[in-house]
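Each chain, letter by letter, is given below.
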Amino acid sequence: MLETIRIESKDEKSHNTCNVILTFECVEYSCRDPEFYEKSPYAVLHRVQLEPTPDADLKVDVPLDNSEVREHFESLLSVHCHGYDVKTAVAS
């Protein structure tokens with residue numbers, strides 16, 4: 001099931017800056033899976049959106065085709081998912 005988190009950002013002067021909205025799903029294995037104890041849960045990042053201002057409904061999609069951009073948001077999601085490994089679902 002897809003989940004969404006909104007991460008509010010602030011700059012060094014405590015003024016609101018761009019917020020990030022991450023859409024992802026957590027994948028956990030069933031204990032009926034014969035390799036259950038060898039597999040760890042992970043998160044799949046599906047979509048990243050930037051919210052330039054908290055007062056508007058404008059959301060800008062972030063393309064995840066650049067490896068540095070993708071790694072940045074994967075690591076941000078990993079922190080918020082308590083250290084889960086994160087993979088990205090890139091549409092081809």
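Okay, so let's go over this structure.

Analysis parameters
- Residues numbered from 1 in each chain as written.
- Predicted model: local features only at pLDDT ≥ 70, side-chain atom pairs only at ≥ 80, totals over all residues.
- Heavy atoms only, no water.
- Buried < 20%, exposed > 50% of the residue type's maximum accessible area, 1.4 Å probe, protein only.
- Helix = DSSP H or I, 4+ residues; strand = E, 2+ residues; numbered from the N terminus.
- Pairing = 2+ DSSP bridges.
- Contact = heavy atoms within 4.5 Å.

Here we come to the pairing of strand 5 (residues 85-88). Across a regular strand the side chains alternate sides, sitting on one face of the sheet and then on the other. Side chains of strand 5 alternate between two faces, with Val 86 and Thr 88 buried and Asp 85 and Lys 87 left unburied. Alignment of strand 3 (residues 42-51) against strand 5, held across four bridges, turns out to be parallel. Across the sheet, the residue bridging to Tyr 42 is Asp 85, located in strand 5.

All right, on to the environment of Phe 73 then. Along the chain, Phe 73 falls in helix 1 (residues 67-80). Along the backbone, Phe 73 and Val 86 are 13 residues apart, and their C-alpha atoms lie at a distance of 9.4 Å. Discounting chain neighbours no more than four positions away, the residues touching Phe 73 are Val 20, Leu 22, Leu 45, Val 48, Leu 50, Val 62 and Leu 64.

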